[in-house]
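Spelled out, the chains give:
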Amino acid sequence: MKNKYLGAAFGLLVGDALGTTFEFNDRDFCEKNPIDTIVGGGPFKLKAGEFTDDGSMFLCSLESLLAIGYSATDHMDTFVEWYNNGKWSPTGYCFDIGMQTRSALDDYVDNYKLPLPTLNAGNGSLMRIASIAMYYKDLDDVIKYTRFCSELTHNNQSCTSACLMFNILLHSFIHGTVVNLQDYADLISCKQIYNIIMNTTYLTKTKEQISSSGYVVNTFEAVLWSFYSTNTFNECLIKAVHLGDDADTVGAIVGALAGAYYGFDNIPSDWSDIIWNKDVIMKMVEGCV
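Residues numbered from 1 in each chain as written. Predicted model: local features only at pLDDT ≥ 70, side-chain atom pairs only at ≥ 80, totals over all residues. Heavy atoms only, no water.

1. A short note on the overall build of the protein
Part 1 of the reasoning: Within the protein one finds 14 helices and zero strands.
Part 2 of the reasoning: Going from the N terminus to the C terminus, the protein shows its helices and strands as α-α-α-α-α-α-α-α-α-α-α-α-α-α.
Part 3 of the reasoning: On C-alpha atoms alone, the protein measures out to a radius of gyration of 17 Å, which is about the 19 Å that the 2.2 N^0.38 rule sets for 289 residues.
Part 4 of the reasoning: With respect to the principal axes defined by its C-alpha atoms, the protein has extents near 45 × 40 × 35 Å.
Part 5 of the reasoning: Within the span of the protein, comprising 289 residues, buried residues form 59% of the whole.
Part 6 of the reasoning: Put simply, 72% of the contacts in the protein that link residues at least 6 apart link residues at least 24 apart.
Part 7 of the reasoning: Here the protein displays about 11400 Å² of accessible surface, and carbon together with sulfur accounts for 49% of that area.
Part 8 of the reasoning: Considering the protein, the positive charge centre built from 19 side chains and the negative charge centre built from 34 side chains are found 1 Å apart. (Helix = DSSP H or I, 4+ residues; strand = E, 2+ residues; numbered from the N terminus. Rg over C-alpha atoms; globule rule 2.2 N^0.38 Å. Buried < 20%, exposed > 50% of the residue type's maximum accessible area, 1.4 Å probe, protein only. Contact = heavy atoms within 4.5 Å. Areas by Shrake-Rupley, 256 points an atom, 1.4 Å probe, with all protein chains shown as cover. Lys, Arg positive; Asp, Glu negative; His and termini not counted. Charge placed at Lys NZ, Arg CZ, Asp CG, Glu CD.)

Put into structure tokens, the structure is as follows:
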């Protein structure tokens, strides 16, 4: 089982580090400048093995869970420590943050309040929510705390629905169980996410029909499409990041799924070995097992 936990965590970090090269680039650019390994660069000029806000916020969340279990205030305090002082950032500072996340953290600092429901539906909670599926062993707890944790920054039904479906699937991969997401459709409060699950659109759409934008519904479908249209960890991650646009986030999210499914042993060692702070992260992840 340790192989699955490490796979989920390092799959996410590897996917983030791989995808940052193509972040904000269109698909045509990615196809004309393909990569087959982690090379860094991208809009933030990162070194190979460094990751973005996806990985940093995931690690902040996991650290908070391992310290005291789920606490909204400790989660937010830890996110603020990243936001203000670069906690779990490979560069030592927060160099990338989504607008919805920034707004939530600013309001928390200024008013000590969590966000009210919003129509904004970015993928900023989906990118970090894997920590909940890794920490909690019981699926009922995963469902309960996924909702709470997502709404810390993204109080939106589409975001909550995507996070719930993702974590139910991730939890099953970690624990080697078989799950049919359609059996959990009553948890979905977003029509678009419901249609993706019930109509399995990710199994039939072509690459041209898949969007990798920062809209959580598009990200969720791109993640499932990348995972279910491939047969190995490498193939999955390379296919995902070459979608371009929000490539680091699509890569991170599907990387967690693929890492848990295929296991840490099937992540290329030359990818996982260069992840920033690898040894410290490995030790922390082992605390989940």
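2. A closer look at helix α7 (residues 139-151)
Part 1 of the reasoning: For α7, which comprises 13 residues, the first-to-last C-alpha distance of 19 Å matches the rise-based estimate of 18 Å (1.5 Å per residue) to within 8%.
Part 2 of the reasoning: Those residues of α7 lying buried are Val142, Ile143, Tyr145, Thr146, Cys149 and Ser150.
Part 3 of the reasoning: In this structure, the buried residues of α7 make contact with α3 (53-68), α4 (72-85), α6 (130-135) and α8 (157-175).
Part 4 of the reasoning: Sitting at the head of α7, Asp138 places a side-chain oxygen 2.9 Å from the backbone nitrogen of Asp140. (Expected span 1.5 Å × (residues − 1). Polar contact = N/O pair within 3.5 Å; in protein donor to acceptor, adjacent residues only side chain to side chain.)

3. Details of the packing of helix α1 (residues 2-19) against α3
Part 1 of the reasoning: Here α1 crosses α3 at 155°, and the two axes come no closer than 8 Å. When the interaxial angle is binned, α1 and α3 end up roughly antiparallel. Across the interface between the two elements, Ala9, Leu12, Leu13 and Asp16 from α1 touch Asp54, Gly55, Phe58 and Leu59 from α3.
Part 2 of the reasoning: Across the contact of α1 with α3, the residue classes break down as five nonpolar, one polar and two charged. (Axes fitted to C-alpha atoms, helices over the stretch in contact; angles between N-to-C directions. Parallel < 35°, antiparallel > 145°, perpendicular 65-115°, else oblique. Nonpolar A, V, L, I, M, F, W, Y, C, P; charged D, E, K, R; others polar.)

4. Describing the packing of aromatic side chains
Part 1 of the reasoning: This structure, assessed with the given rule, holds 21 aromatic pairs.
Part 2 of the reasoning: Geometrically, the ring pair formed by Phe227 and Tyr261 is edge-to-face, given 5.3 Å between the ring centres and 85° between the ring planes. Residue Phe227 is located in helix α10 (residues 216-228), and its partner Tyr261 is located in helix α12 (residues 247-262); the two are separated by 34 residues in the primary sequence.
Part 3 of the reasoning: Taking the relative accessible area as the measure of exposure, Phe227 reaches 5% and is therefore buried.
Part 4 of the reasoning: Grouping aromatic residues by their ring pairs yields a cluster made of Phe173, Tyr202, Phe227, Tyr228, Tyr261 and Tyr262.
Part 5 of the reasoning: For Lys239, the ring lying beneath its charged end belongs to Trp225, and the centroid distance is 4.5 Å. (Phe/Tyr/Trp six-rings, centres within 6.5 Å; stacked < 30°, edge-to-face > 60°. Lys NZ or Arg CZ within 6 Å of the ring centre and 35° of its normal.)

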